[in-house]
Amino acid sequence: MKNISILGSTGSIGTQTLEVIDNLKGVKVWGLSTNTNIHLLEEQIRKYHPVIAAVMDPNSAKELKKRVKDTNTHIVAGLDGLVDVTTIPQVEMVITSVVGIVGLIPTLEAIKSGKHIALANKETLVTAGKMVMREACNRKVSIIPVDSEHSAIFQCLQQNAEKKFIKRLLVTASGGPFLGKKLEELKDVTPEQALKHPKWNMGNKISIDSATLMNKGLEVIEAKWLFDVDIDSIQVLIHPQSIVHSMVEYIDHSIIAQLGVPDMKMPIQYAITYPERYYSNTTSLDFIQNNKLTFSQPDFETFKCLVLAYRAAKADGTMPVILNAANEVAVQLFLERKIGFTEIPELIEQVMEKHDNIINPTLKDILSYDSWAREMIYEELRICK
């Protein structure tokens, strides 16, 4: 029996995690959470009978409490509610699949409570990687990646995990919906076009990040902390087929890759069952049908978000916080049609250039500069929230 809680159970990763659990024996769901999707969360409560469920929006939480008053599930609200979900005494593992920096504090509190983490929230390590990994080490807690790229690297490192053996990490990217396009061709891109990912079915924010390649930039920063490697040892490769999920090159120039069909259920299941493997009802990779695998270098001129992510990673300190916060706001403004697609990296860079970096930030610093960067976006645009 493994007892788990899921942050973001109504999102793409959260719902797929529950599908994985449906096909695994011996997994008990103790806690669930959503931002505002109380309709789906109610269905999940009635099916999985968690002891606690959190809703970020307090008004939505009140409504849900009325709806499920005939159950034994305790409804909580806000950030404190997320922390309650991650610190249930009986829980052994927390799957963090919320989007944004909102996942940072609940993840830290879960680690402090001795919970192992199945991590699908990039922003936790992007904004506070040093702090989170240090806390996990001190508490002897495992952080197992759920993202397909990081899960691939994690699996490739199982036999040779020592840092001294690693030459570089090769992180693959599909290239998103605008692969091959040049900057001038992207000026009039609509949110609908940017949301149409060719390989993966993801939430809105992550889909836009994939279209700008910021998602890959955030993954590079996350990989730096997860695997304790220098940022210059991490290379991004465009791989449109999304079959090779990532690779590790060792100092003897041997390269080990992890392959599979594009299906998030595989890395989710591995994170839950690690170090064991169990039968999965996902599709096997057919090498006859998938007999052409191609790789190329990213177009750094067109997709400047990736350049900005590397720049922030090298600066370290609070600069990745600024990158992440500015990106979150810029993406939302694009989805609201208040800015154009190509303005996303322009705004992020403007905010980064105004920031005086702090090399060893406290949690208070991280949260403070996260708020500062969000405000700066609106100042740059001279618009009200």
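Described in the following lines is the structure provided in the data block. (Residues numbered from 1 in each chain as written. Predicted model: local features only at pLDDT ≥ 70, side-chain atom pairs only at ≥ 80, totals over all residues. Heavy atoms only, no water.)

**A word on the packing of aromatic side chains**
Here's step 1: A complete count under the given rule lists six aromatic pairs for this structure.
Here's step 2: Here Phe-178 and Phe-341 contribute two aromatic rings whose centre-to-centre distance is 5.3 Å and whose plane-to-plane angle is 75°, an arrangement assigned as edge-to-face. Here the residue Phe-178 occupies a position in the loop between strand S8 (166-173) and helix H8 (191-194), and Phe-341 occupies one in the loop between helix H13 (319-335) and helix H14 (343-354), the gap between them amounting to 163 residues.
Here's step 3: A connected cluster of aromatic rings, assembled from ring pairs, spans Phe-154, Tyr-270 and Tyr-274.
Here's step 4: When the ring centre of Trp-30 is taken as reference, the NZ or CZ atom of Lys-28 above it lies at 6.0 Å. (Phe/Tyr/Trp six-rings, centres within 6.5 Å; stacked < 30°, edge-to-face > 60°. Helix = DSSP H or I, 4+ residues; strand = E, 2+ residues; numbered from the N terminus. Lys NZ or Arg CZ within 6 Å of the ring centre and 35° of its normal.)

**A look at the pairing of strand S1 (residues 2-7)**
Here's step 1: Of all six residues making up S1, five are buried, and the element is well covered by its neighbours.
Here's step 2: Summarising the sheet, S1 and strand S2 (residues 27-34) pair through five bridges and their orientation is parallel. Pairing of Ser-5 across the sheet is with Gly-31, part of S2.
Here's step 3: Running through helix H1 (residues 12-22), the crossover from S1 to the neighbouring parallel element S2 is right-handed.
Here's step 4: Sheet analysis places S1 next to strand S5 (residues 93-96), joined by four bridges and oriented parallel. By the bridge assignment for S5, Leu-7 is matched with Thr-96. (Buried < 20%, exposed > 50% of the residue type's maximum accessible area, 1.4 Å probe, protein only. Pairing = 2+ DSSP bridges. Right-handed = clockwise from strand over helix to strand, strands pointing away.)

**Some points on helix H9 (residues 204-212)**
Here's step 1: Taken across its nine residues, H9 has seven buried, putting it largely inside the fold.
Here's step 2: For H9, the full list of buried residues reads Lys-205, Ser-207, Ile-208, Asp-209, Ser-210, Ala-211 and Thr-212.
Here's step 3: The inward-facing, buried residues of H9 abut helix H6 (122-139), H8, helix H10 (214-227), helix H12 (304-315), H13 and H14.
Here's step 4: Of the residues one or two after H9, Leu-213 is the one with positive phi, at around 70°. (Contact = heavy atoms within 4.5 Å.)

**Some words on the pairing of strand S6 (residues 116-119)**
Here's step 1: Examined bridge by bridge, S5 and S6 share four bridges and lie parallel to one another. Within the sheet, the bridge partner assigned to Val-94 lies in S6 and is Ile-117.
Here's step 2: A crossover connection joins S5 to the parallel S6 through helix H5 (residues 104-112); in handedness this β-α-β unit is right-handed.
Here's step 3: Both S6 and strand S7 (residues 143-145) contribute to a ladder of three bridges, which runs parallel.

**Digging into the side chain of Ser-5**
Here's step 1: Examined against the element boundaries, Ser-5 turns out to sit in strand S1.
Here's step 2: Exposure remark for Ser-5: the relative accessible area of 0% places this residue in the buried category.
Here's step 3: In this structure the side chain of Ser-5 is engaged in a polar contact, spanning 3.3 Å, whose partner is the backbone nitrogen of Gly-31.
Here's step 4: Non-local contacts of Ser-5, meaning those with residues more than four positions away in its chain, are made with Trp-30, Gly-31, Val-85, Ile-88, Val-91, Met-93, Val-94 and Ile-95. (Polar contact = N/O pair within 3.5 Å; in protein donor to acceptor, adjacent residues only side chain to side chain.)

**Topic: empty space enclosed by the protein**
Here the idea is plain: a probe the size of a water molecule rolls over the atoms and shows the empty space left.
Here's step 1: Taken as a whole, this structure holds one cavity of 30 Å³ or more when the rule is applied.
Here's step 2: Lining the largest cavity are Glu-19, Val-20, Asn-23, Lys-265, Gln-269, Ser-280, Asn-281 and Thr-282.
Here's step 3: For the lining of the largest cavity, the class distribution of residues is one nonpolar, five polar and two charged. (1 Å grid on protein atoms, 1.4 Å probe; cavity = no way out; pocket = protein on both sides within 12 Å on 5 of 7 lines; lining within 4 Å. Points joined across faces, edges and corners; volume = space filled by probe spheres on them. Nonpolar A, V, L, I, M, F, W, Y, C, P; charged D, E, K, R; others polar.)

**Concerning the layout of surface pockets**
Here's step 1: Of the voids in this model, the second largest pocket is the one considered here, and its volume is about 380 Å³.
Here's step 2: Forming the walls of the second largest pocket are 17 residues, and the residues nearest its centre are Ile-143, Phe-154, Ala-161, Leu-226 and Phe-227.
Here's step 3: When contributions to the lining of the second largest pocket are tallied by element, the ones reaching two or more residues are H6, S7 and H10.
Here's step 4: Here the lining of the second largest pocket takes three residues from S7, the largest share from any one element.
Here's step 5: Here the lining of the second largest pocket is composed, by residue class, of 13 nonpolar, two polar and two charged.

**A look at the side chain of Gln-258**
Here's step 1: The topology assignment puts Gln-258 in strand S11 (residues 255-259).
Here's step 2: Look past the residues within four positions of Gln-258 in its chain and what remains in contact with it is Ser-148, Ala-152, Gln-155, Cys-156, Ile-243, Val-244, His-245 and Ser-246.

**Here's the deal with a nonpolar patch on the surface**
Here's step 1: A cluster of nonpolar residues, Leu-259, Phe-287, Leu-293 and Phe-295, forms a patch on the protein surface that exposes about 350 Å² of accessible area.
Here's step 2: As for its position among the elements, Leu-293 is in the loop between helix H11 (265-273) and H12.
Here's step 3: Of the residues examined, Leu-293 reaches a relative accessible area of 32% and is grouped as partly exposed. (Patch = residues over 30% accessible without salt bridge, like charges linked within 9 Å, V, L, I, M, F, W, Y side chains within 5 Å. Areas by Shrake-Rupley, 256 points an atom, 1.4 Å probe, with all protein chains shown as cover. Salt bridge = Lys/Arg side-chain N within 4 Å of Asp/Glu carboxyl O.)

**A look at the sheet that holds S8**
Here's step 1: Strand order in this open sheet of four strands is S9-S8-S10-S11, and the pairing throughout is mixed. Sheet topology places strand S9 (234-238) and S11 at the edges, where each strand pairs with a single neighbour. Neighbour-to-neighbour, the strand axes of the sheet open up by a mean angle of 20°, direction not taken into account.
Here's step 2: Direction of pairing for S8 relative to strand S10 (residues 244-250): antiparallel, over a ladder of five bridges. Its bridge partner lying in S10, Leu-169 is registered against Val-248.
Here's step 3: Here helix H7 (residues 148-156) sits on the sheet and contacts S8, S10 and S11; the angle it forms with S10, its principal contact strand, is near 40°. (Axes fitted to C-alpha atoms, helices over the stretch in contact; angles between N-to-C directions.)

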